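# Inside the fold
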Amino acid sequence: MDQQKYDNLKLGERGAIISIVAYIVLSIIKLIVGYTADSAALRADGLNNTTDIIASIAVLVGLRISRRPADDDHKYGHWKSETIASMVASFIMMAVGLQVLIDTISTLFEGKQESPDIVAAYVGMGSAIVMYFVYRYNRNLSRKIDSKAVMAAAKDNLSDAWVSIGTTVGIIGSQFGMPWLDVVTAIIVGFLICKTAWDIFSEASHELSDGFDEHKLKMYEDVIYDLDGVKGIKSIKGRNYGNNEVVDVVILVNSQLNVHQAHDIATKVEDTLTDEYGVYDIHVHIEPE
């Protein structure tokens with residue numbers, strides 16, 4: 001099972017690398033055209049893609065470190081490295097998002113009188129199309145290898161496509177006597193960068209502090225309780241090692257059972273959660289009813 005997960009992590013690196021290449025090319029084009037065409041919205045979109053480069057690199061590094069097997073001072077493996085990398089990326093994204101807001105709002109107060117060159121709109125629409133295809137690739141890859149990290153990257157790709165569409169609309173709208181619309185669109189992009197950073201931070205901090213979906217935990221509790229031989233559940237807890245779920249449960253069994261019979265019940269609990277629900281590791285403690 002471990003080897004399959006390691007292989008999936010390696011395969012997931014493809015999605016991160018494709019995202020990095022796409023973001024590098026698009027951010028360079030957007031920033032160059034954004035400055036030459038005098039489009040605040042396209043510049044903000046380009047800076048948004050630079051944060052995506054950092055986030056994708058963090059995912060790539062996290063995936064590679066997570067593939068390392070357990071060692072002397074990491075007995076549980078390196079699965080959480082991916083989550084740590086995501087949190088670092090969220091800090092960088094928030095800093096860039098705030099800088100975009102500060103610079104763009106300053107431009108708005110200065111009073112922007114000229115509309116950007118229409119070529120900026122073509123770049124924005126072309127970027128949206130590219131990011132949509134990158135999203136489709138990463139979405140299909142995440143489903144194939146069952147990776148939350150790659151799926152998160154895919155959702156980020158899709159949000160970037162929508163941001164580029166919004167940038168294009170703002171630039172085109174500014175051509176019709178509303179040059180301020182380009183700046184307003186840039187402000188919206190800045191807020192979207194900050195929101196994405198906050199969402200990544202919230203999810204990463206939740207996992208690193210051993211937070212777990214309470215509804216999923218209740219479902220696991222019901223499944224265990226319905227198994228033959230389980231008379232009750234004293235406690236159940238869950239946590240995540242990267243994309244891997246770990247469940248700790250204390251079950252009550254008939255006090256007249258011998259060690260072998262009680263062990264069989266514990267094995268049944270482990271096999272059910274592993275085979276039917278994909279739980280990575282289950283720690284079962286047995287107590288007499």
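Residues numbered from 1 in each chain as written. Predicted model: local features only at pLDDT ≥ 70, side-chain atom pairs only at ≥ 80, totals over all residues. Heavy atoms only, no water.

## Quick word on the nonpolar core
In terms of nonpolar packing, the biggest core is built from 21 residues, with Ile-224, Val-230, Ile-236, Val-249, Ile-251, Val-269 and Leu-273 touching the most fellow members. At the level of elements, helix H7 (214-225), strand S1 (232-241), strand S2 (244-253), helix H8 (259-277) and strand S3 (281-288) are the ones that each hand at least two residues to this core. It is H8 that contributes the most residues to this core, five residues altogether. If we ignore the near neighbours within four places in the chain, the residues touching Leu-273 are Tyr-220, Val-223, Ile-224, Val-247, Gly-278, Val-279 and Ile-282. (Core = buried A, V, L, I, M, F, W, Y, C linked by side-chain atoms within 4.5 Å. Buried < 20%, exposed > 50% of the residue type's maximum accessible area, 1.4 Å probe, protein only. Helix = DSSP H or I, 4+ residues; strand = E, 2+ residues; numbered from the N terminus. Contact = heavy atoms within 4.5 Å.)

## Let's talk about the packing of aromatic side chains
According to the stated counting rule, one finds five aromatic pairs in the structure shown. Where Tyr-132 meets Tyr-135, the ring centres are 6.0 Å apart and the plane angle is 45°; that geometry is what we call tilted. Here Tyr-132 and its partner Tyr-135 are both found in helix H4 (residues 119-145), three residues apart, which amounts to about one turn of the helix. With 5.6 Å between their ring centres and 35° between their planes, Trp-198 and Phe-201 make a pair best called tilted. Here Trp-198 and its partner Phe-201 are both found in helix H6 (residues 180-208), three residues apart, which amounts to about one turn of the helix. One aromatic cluster in this structure is built from Phe-91, Trp-198 and Phe-201. In this structure, Arg-43 packs its charged tip against the face of Tyr-35, placed 5.0 Å from the ring centre. (Phe/Tyr/Trp six-rings, centres within 6.5 Å; stacked < 30°, edge-to-face > 60°. Lys NZ or Arg CZ within 6 Å of the ring centre and 35° of its normal.)

## Looking at the pattern of salt bridges
By the definition in use, this model includes nine salt bridges. Of the charged contacts, one joins Lys-80 and Asp-210 as a salt bridge, the two residues approaching to 3.3 Å between their closest N and O atoms. With Lys-80 in the loop between helix H2 (40-66) and helix H3 (81-110) and Asp-210 in the loop between H6 and H7, this pair connects stretches of sequence that are 130 residues apart. As a salt-bridge pair, Arg-239 and Asp-248 come within 2.2 Å of each other at their nearest N and O atoms. (Salt bridge = Lys/Arg side-chain N within 4 Å of Asp/Glu carboxyl O.)

## Considering the side chain of Glu-245
Note on placement: Glu-245 falls in strand S2. Reaching out from Glu-245, the side chain makes a polar contact with the side chain of Lys-216 at a distance of 2.7 Å. (Polar contact = N/O pair within 3.5 Å; in protein donor to acceptor, adjacent residues only side chain to side chain.)

## Some details on the sheet that holds S1
Spatially, S1-S2-S3 is the arrangement adopted by the three strands of the open sheet, whose pairing is mixed. The outermost strands of the open sheet, each flanked by one partner alone, are S1 and S3. Here the average twist between neighbouring strands, direction ignored, is 10°. Of the pairings in the sheet, the one linking S1 to S2 comprises nine bridges and is antiparallel in character. Paired with Tyr-241 across the strands is Asn-244, a residue of S2. Strand contacts of H7: S1 and S2, with the helix running at about 135° to S1, the strand carrying the most contacts. (Pairing = 2+ DSSP bridges. Axes fitted to C-alpha atoms, helices over the stretch in contact; angles between N-to-C directions.)

## Considerations on a nonpolar patch on the surface
Together, Ile-118, Val-119, Tyr-122, Ile-172, Phe-176, Met-178 and Trp-180 make up an exposed nonpolar region whose accessible area comes to about 700 Å². Looking at the element boundaries, Phe-176 is found in the loop between helix H5 (148-174) and H6. Residue classification places Phe-176 among the exposed residues on the basis of a relative accessible area of 64%. (Patch = residues over 30% accessible without salt bridge, like charges linked within 9 Å, V, L, I, M, F, W, Y side chains within 5 Å. Areas by Shrake-Rupley, 256 points an atom, 1.4 Å probe, with all protein chains shown as cover.)

Shape descriptors only; they carry no functional weight alone.
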